[in-house]
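What follows is each chain in one-letter form.
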Amino acid sequence: MAKSPKALVAGNWKMNGTRASLKEIRTLASKLNDKKVKCNVMICPPATLLCEAKEVAKGSKVKLGGQDCHAAESGAHTGHISAGMLKNAGASAVIVGHSERRADDGETDKDVAAKAAAAHANKLTAIICVGETLAQYENKETLRVITAQIKGSLPEGATAKNTIIAYEPVWAIGSGLTPTVKEVAKVHTHIRKRLNAALGDEADQVAILYGGSVKPANAQELMSAANVNGALVGGASLKATDFLGIIAAYE
Ligand code: PEP
């Protein structure tokens, strides 16, 4: 049987955090220093904090990521950030296709694939988000939606080294609701199969994260589901103590 991919617990701060919040990364870094954890740990702060966060996390187990990138390298795209800029600021990964961007900015699978390709071109790991809406979940369309999103959002040249998938049911994000462990296992196993069809054996080493209302109280159970290789965490990543409670699932 193939060895499981190394797990990742990544925190997405979204549009939260000022320089004062860097103390959370400082606490996280120093507490992790004393622990043996069997997962990688990442914080994706707002881009305004990346450079300083990099300094704060220096020499620690905390990696840094961006929350989105533009598909182009540079140019007339006011307010946007390129993958190269994120790399330059200290990121080793970038989230692409988060449901908030798909909904708020009308991002399509094609846009997401182009952003993931830009991440790869800049030696960033692309954390590609997929997930169904509540209506799709209730209509039992989850697997169909996920199949289409994986097919459309995975760029040419995706490998286990440069790509991570995050399954985030839209209805579970920030709601306190989660699918059952059985449902999570079913979707993650389906994602693994779709990755197999696209990438062959390489797919066994692609980390597949679960995201949506992960908290210290439910992390252990959710992380134990088949084909779950870590978590993408929103609200509970803002405070180091909560985030450490989730990371504890991998101690
Ligand atoms: C997210 O938006 O990626 C997320 C998982 O949020 P939360 O953990 O707050 O549900």
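Note: the structure precedes this text.
Let me begin by describing the structure that accompanies this report.

Scoring rules and cut-offs
Residues numbered from 1 in each chain as written. Predicted model: local features only at pLDDT ≥ 70, side-chain atom pairs only at ≥ 80, totals over all residues. Heavy atoms only, no water. Phe/Tyr/Trp six-rings, centres within 6.5 Å; stacked < 30°, edge-to-face > 60°. Helix = DSSP H or I, 4+ residues; strand = E, 2+ residues; numbered from the N terminus. Buried < 20%, exposed > 50% of the residue type's maximum accessible area, 1.4 Å probe, protein only. Near = heavy atom within 4 Å. Polar contact = N/O pair within 3.5 Å; in protein donor to acceptor, adjacent residues only side chain to side chain. Areas by Shrake-Rupley, 256 points an atom, 1.4 Å probe, with all protein chains shown as cover. Nonpolar A, V, L, I, M, F, W, Y, C, P; charged D, E, K, R; others polar. Contact = heavy atoms within 4.5 Å. Axes fitted to C-alpha atoms, helices over the stretch in contact; angles between N-to-C directions. Parallel < 35°, antiparallel > 145°, perpendicular 65-115°, else oblique. Left-handed = near helix turned anticlockwise from the far one by under 90°. Expected span 1.5 Å × (residues − 1).

### Observations regarding the packing of aromatic side chains
Working step 1: As enumerated under the stated definition, the model contains two aromatic pairs in all.
Working step 2: Centre to centre, the rings of Tyr-137 and Trp-171 are 4.4 Å apart; their planes meet at 35 degrees, and the pair counts as tilted. Separated by 34 residues along the polypeptide, Tyr-137 in helix 6 (residues 134–138) and Trp-171 in the loop between strand 6 (163–167) and helix 8 (181–199) bring together distant segments of the chain.
Working step 3: Relative accessible area serves as the criterion here: at 27%, Tyr-137 is assigned to the partly exposed category.

### Concerning the site of the ligand
Working step 1: Lining the immediate surroundings of the ligand are 15 residues, of which Lys-14, Glu-168, Gly-174, Ser-213 and Gly-234 lie closest.
Working step 2: Between His-98 and the ligand, the recorded distance is 2.8 Å, taken from a side-chain N or O atom to an oxygen atom.
Working step 3: Here an oxygen atom of the ligand and a side-chain polar atom of Glu-168 are 2.7 Å apart.
Working step 4: Here the ligand, which alone exposes 290 Å², has 95% of that area covered by the protein.
Working step 5: Tallied by class, residues from the shell around the ligand come to four nonpolar, eight polar and three charged.

### Observations concerning the environment of Lys-36
Working step 1: With respect to the element layout, Lys-36 can be found in the loop between helix 1 (22–33) and strand 2 (39–44).
Working step 2: Relative accessible area serves as the criterion here: at 78%, Lys-36 is assigned to the exposed category.
Working step 3: In this structure the C-alpha to C-alpha distance between Lys-36 and Lys-14, which are 22 residues apart in sequence, comes to 28 Å.
Working step 4: Not counting residues within four places of it along the chain, the set of residues in contact with Lys-36 comprises Tyr-250 and Glu-251.

### Some thoughts on the packing of helix 1 against helix 2 (residues 50–57)
Working step 1: Where helix 1 contacts helix 2, the axes come no closer than 9 Å and their chain directions differ by 25 degrees. Here helix 1 is positioned roughly parallel relative to helix 2, judged by the angle of their axes. Regarding helix 1 and helix 2, the two cross each other, and that crossing is right-handed. Seen from helix 1, the contacting residues are Leu-22, Ile-25 and Arg-26; seen from helix 2, they are Glu-52, Ala-53, Val-56 and Ala-57.
Working step 2: Broken down by class, the residue content of the contact of helix 1 with helix 2 amounts to five nonpolar, no polar and two charged.

### What to know about helix 5 (residues 109–121)
Working step 1: Taking 1.5 Å as the rise per residue, helix 5 with 13 residues should run 18 Å; its terminal C-alpha atoms sit 18 Å apart, in good agreement.
Working step 2: Along helix 5, the residues classified as buried are Val-112, Ala-113, Lys-115, Ala-116, Ala-118, Ala-119 and His-120.

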